[in-house]
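# A look at the structure
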Amino acid sequence: MLLPIIVLLLCLLGGGAVLFRLMKSKSKSNITTDLAMQTAQEFVQVQDIHGNFLHTQDGWLMSYLRIFPISLDLLSTSEKRMLISKLTAELSSFNYPFKFLAVSRPVDISPLISELSALLSTADPKQKELLRQEMLEMNTLTLSGEVVERQFYLILWQRQNDGTERDLLDKVKRLAQHFEEGQVQTQLLKQQDIVQLCNLVNNPSYTHLETTEPENVIPFLAKLEV
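Residues numbered from 1 in each chain as written. Predicted model: local features only at pLDDT ≥ 70, side-chain atom pairs only at ≥ 80, totals over all residues. Heavy atoms only, no water.

### Examining the pairing of strand S2 (residues 53-56)
Side chains Phe-53 and His-55 project from S2 onto one buried face, and the interleaved Leu-54 and Thr-56 project onto a second face that is buried too. Across four bridges, the pairing between strand S1 (residues 46-50) and S2 is antiparallel. If you follow Ile-49 over to S2, its bridge partner there is Leu-54. Two strands pair when backbone bridges link them, and S2 and strand S3 (residues 60-67) are joined in this way by two bridges, in the antiparallel orientation. Counted as the bridge partner of His-55 is Leu-61 from S3. In this antiparallel pair of consecutive strands, S2 and S3, the connection spans three residues, and Gly-59 shows a positive phi of 90°. (Buried < 20%, exposed > 50% of the residue type's maximum accessible area, 1.4 Å probe, protein only. Helix = DSSP H or I, 4+ residues; strand = E, 2+ residues; numbered from the N terminus. Pairing = 2+ DSSP bridges.)

### A few points about helix H3 (residues 77-91)
If you check H3, its first and last C-alpha atoms are 21 Å apart, about what 15 residues at 1.5 Å a residue would give, namely 21 Å. Residues Leu-83, Leu-87 and Glu-90 constitute the buried set of H3. The arc that holds every buried residue of H3, seen down its axis, measures 65°, which confines them to one face. Exposed residues lying more than 90 degrees from the buried face of H3 are Thr-77, Arg-81, Met-82 and Ile-84. If you follow the buried residues of H3, they end up packed against helix H6 (164-181). (Expected span 1.5 Å × (residues − 1). Arc of directions from axis to C-beta. Contact = heavy atoms within 4.5 Å.)

### Concerning the confidence of the model for the protein
Counting all residues, the mean pLDDT for the protein is 76, and 67% of those residues have values of 70 or more. Predicted confidence in the protein is weakest over helix H1 (residues 2-36), with a mean pLDDT of 58, and strongest over strand S6 (residues 186-188), with 92. Across residues 208-212, where pLDDT falls below 50, the model places 13 contacts with residues more than four positions away in sequence or in other chains. (pLDDT = per-residue confidence, 0-100.)

### A short note on the nonpolar core
Ranked by size, the top nonpolar core spans 16 residues in total, and within it Leu-65, Ile-67, Leu-154, Leu-156, Leu-175 and Phe-179 carry the most contacts. At the level of elements, S3, H3, strand S5 (148-159) and H6 are the ones that each hand at least two residues to this core. Of all the elements, H6 adds the most residues to this core, at six residues. Here Leu-156 is in contact with Leu-61, Met-62, Ser-63, Phe-94, Pro-97, Phe-98, Leu-168, Lys-171, Val-172 and Leu-175, once residues within four sequence places are set aside. (Core = buried A, V, L, I, M, F, W, Y, C linked by side-chain atoms within 4.5 Å.)

What follows is the structure, encoded as structure tokens:
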């Protein structure tokens, strides 16, 4: 009497496991299909980039300010304290939120390699050997991707409304002025600079490209109607 019951229970458990696996596989398939149908703009939440602004799909307006680094090793202890005090005083009057972003960007060292190549024609045999070794080392660093520079940005944002662009641009310029007063150089990013920054953050295979055509730097995917 117990054997049929045990067989029935095993069949029920096996059928339930198979049904659960099929439902889970279907759910994963639907998620994969939805992700495959996303365009690049939908994935990064970018609606448009023009002028000095990036428009997001959820209704926010963003502007970017690049901060050029300074070498603290070249400053004395007293000069460092003066710089810290100056920046603290300048930024204490800025009462708007902002985000700090630090990214690494590949450096184009081809001009350095070209300069070393030009020196070969006037160098003596020993110098030529040293120059060739240096060029080989530079090429190795280029291929390995280890030659990078750190770039620093401040991001300001505001909800899109009438007059938002003018208001946000005024805030960014005031923030840039505070840094300039503190002897730190800044740059307000324009359309092409913002495109390159987005590509640098979202595209790991991005290389150092200097171009004025966004289409040559970042891919645009068209949304197809099915």
